[in-house]
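Each chain is listed here by its residues.
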Amino acid sequence: MLAPFFVLFTAATLVPIGYAVYLSLFTERRSGLGFGAPETVFTGLANYGRALGDPAYRDGYLTIAQYCLLYIPVMVCLSLAVALLLDSVLARAKRFFQLALFLPHAVPGIIAALVWTYLYTPGISPVLDALSGAGAQLDVLGHPLPAVVNMAVWEWTGYNMIIFFAALQAVPREVLEAAVVDGAGALRTAFSIKVPLIKASIAMVGLFTVIGSLQLFTEPVILRGASPGVTSTWTPNMYAYTAAFERNDYGLAAAASVLLALAAALLSYVVTRATRGRSARRTEATR
C-alpha cells in the first residue's frame, strides 16, 4: 500500500533532485571566442564555488534572514492570537470568521501579489492617495522588505490560524474547566494552559514557515517591476531563476538550488532537534 506513495515521491522529488545535482556538475562552454557550438563540460564542484563566491547570492540569504526576523514573529503571534480569540467561550460566529480569515490564503499567490502591488503604487493606489490627501506620505515601494512581509502575513495568517484553532480543539476540556474552578482568568488560561499544550503545533508552524521563507519568490518577483529595491537576485530563488532563464547558466542555477535545499534541510534538522530537546527536558523535569 505504500508503493504508490514511493512511486510518486521518487518521480516528483528524488528524480528532480538527482537531475539538479547532475546539472550542477556541468557547464556549457563555447569555442571560437563564444561563437562556436556549445559544449557541455564537467566542472565538478566549480558551480558551487561560483555560487558561494558571488556576493549577490550570499546577500540573498541575508535578505531571507531579515525577512524571517520580521515575518515569522508577526505571523505566528497574530495567528495564535486570533486562534485563541476564536477558541474563547465568548466568541460568536466562529465559522464565519474562520472562513473570512482563511479566504486570503485561497487567493493564488500571484493574484495576491498583483493586488498588493497595485495598492503599493503611488498615483494608482486609493489607500496611498487617501493618505496623501491627509498629509501622510508613505513610500512603500522604497522599502520592499516590509511590503513583502505584509503580503505574506496577509496570505498566511488565516491558514496558520486554522492549524492553531484545530490544535486548541484537542485541548482537554476538563483541564480548562479545572483552571476556571481554580480561579484562572481568560488570559491566564490562554497563556498558562492552552499555549503550552499546543507547543508542538507552534513548532511545526514555525518550521514550515522557515522552510517556506527560504523559498521566497512570487511576491518579490511581482514587486520587482514596481520597486527599484528588488533586484533580480534579491533572494536565492530569484538568483537561481535569473541564472537559468536570463543568463542560460543552468549549471549555476542548479548549484544555487541544491545549496538552498541543503540550507533548508539543515535548518529543519536544527529546529527539529531543538524542539525535541526542549520537549525531552520538560518531560524529565515533570518526572
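The preceding data block contains the structure.
Residues numbered from 1 in each chain as written. Predicted model: local features only at pLDDT ≥ 70, side-chain atom pairs only at ≥ 80, totals over all residues. Heavy atoms only, no water.

(A) Up close: the overall build of the protein. Along the backbone of the protein there are 13 helices and 2 strands. C-alpha atoms of the protein, sized along the principal axes, occupy 85 × 60 × 35 Å. The buried share among the 287 residues of the protein stands at 36%. Long-range pairs, those at least 24 residues apart, make up 64% of the contacts in the protein with a sequence separation of at least 6. Carbon and sulfur atoms make up 69% of the accessible area of the protein, which totals about 17,000 Å². Between the averaged position of the 19 positive side-chain charges in the protein and that of its 15 negative side-chain charges there is a distance of 9 Å. (Helix = DSSP H or I, 4+ residues; strand = E, 2+ residues; numbered from the N terminus. Buried < 20%, exposed > 50% of the residue type's maximum accessible area, 1.4 Å probe, protein only. Contact = heavy atoms within 4.5 Å. Areas by Shrake-Rupley, 256 points an atom, 1.4 Å probe, with all protein chains shown as cover. Lys, Arg positive; Asp, Glu negative; His and termini not counted. Charge placed at Lys NZ, Arg CZ, Asp CG, Glu CD.)

(B) Layout of the nonpolar core. Judged by nonpolar contacts, the single largest core of 62 residues is most densely connected at Y67, Y71, Y120 and L223. If one sorts the elements of this core by residue count, helix 3 (residues 55–87) sits on top with 13 residues. In contact with Y67, not counting residues within four places along its chain, are I72, L145, V148, V149, A152, S213 and L216. (Core = buried A, V, L, I, M, F, W, Y, C linked by side-chain atoms within 4.5 Å.)

(C) Main features of unusual backbone geometry. Although it is not a glycine, N248 adopts a positive phi angle of roughly 55°. With respect to the element layout, N248 can be found in the loop between helix 12 (236–245) and helix 13 (250–286).

(D) Seen up close, the packing of aromatic side chains. In this structure the tally under the stated criterion is 14 aromatic pairs. Taking 5.2 Å as the distance between ring centres and 70° as the angle between the ring planes, the aromatic pair formed by F5 and F6 counts as edge-to-face. By relative accessible area, F6 is classed as partly exposed at 44%. With centroids separated by 5.4 Å and ring planes inclined at 70°, the aromatic side chains of F26 and F42 adopt a geometry described as edge-to-face. Of this pair, F26 sits in strand 1 (residues 26–30) while F42 is found in strand 2 (residues 38–42), placing the two residues 16 residues apart along the sequence. Assessed through its relative accessible area of 54%, F42 is described here as exposed. Taken together, the aromatic side chains of Y19, Y22, F26 and F42 make up a single cluster linked through ring pairs. Sitting over the face of the ring of Y239, R247 holds its NZ or CZ atom 5.9 Å from the ring centroid. (Phe/Tyr/Trp six-rings, centres within 6.5 Å; stacked < 30°, edge-to-face > 60°. Lys NZ or Arg CZ within 6 Å of the ring centre and 35° of its normal.)

(E) Molecular detail of helix 6 (residues 126–133). A distance of 3.3 Å separates the backbone nitrogen of V127 from a side-chain oxygen at the start of helix 6, and that oxygen is part of S125. Phi turns positive one or two residues past the end of helix 6, at G135, with a value near 95°. (Polar contact = N/O pair within 3.5 Å; in protein donor to acceptor, adjacent residues only side chain to side chain.)

(F) The arrangement of the environment of M161 in detail. Residue position: M161 is located in helix 7 (residues 144–169). M161 sits 17 residues away from P144 along the chain, and the two C-alpha atoms are 26 Å apart. Beyond its immediate chain neighbours, meaning those up to four positions away, M161 contacts S79, V82, A83, L86, Q98 and L101.

(G) Examining the side chain of T209 more closely. Residue position: T209 is located in helix 10 (residues 199–214). Given the relative accessible area of 8%, T209 is considered buried. Excluding residues that lie within four positions of it along the chain, T209 makes contacts with Y71, I72 and M75.

(H) Inspection of a nonpolar patch on the surface at higher detail. Taken together, the side chains of L2, F5, F6, F9 and L14 make up a nonpolar region of the molecular surface, amounting to roughly 510 Å² of accessible area. Within the element layout of this structure, F6 appears in helix 1 (residues 3–24). (Patch = residues over 30% accessible without salt bridge, like charges linked within 9 Å, V, L, I, M, F, W, Y side chains within 5 Å. Salt bridge = Lys/Arg side-chain N within 4 Å of Asp/Glu carboxyl O.)

(I) View of the pattern of salt bridges. Under the definition given, this model contains 3 salt bridges. Put simply, D249 and R50 hold a salt bridge, and the shortest N to O gap is 2.5 Å. Taken together, the residues span a long stretch of sequence, with D249 in the loop between helix 12 and helix 13 and R50 in helix 2 (residues 46–53) at a distance of 199 residues. Taking the relative accessible area as the measure of exposure, R50 reaches 38% and is therefore partly exposed. The shortest N-O distance in the salt bridge between R224 and E246 comes to 3.5 Å. Of this pair, R224 sits in helix 11 (residues 218–224) while E246 sits in the loop between helix 12 and helix 13; the two residues are 22 residues apart in sequence, bridging distant segments of the chain. Here R224 falls in the partly exposed class, since its relative accessible area comes to 33%.

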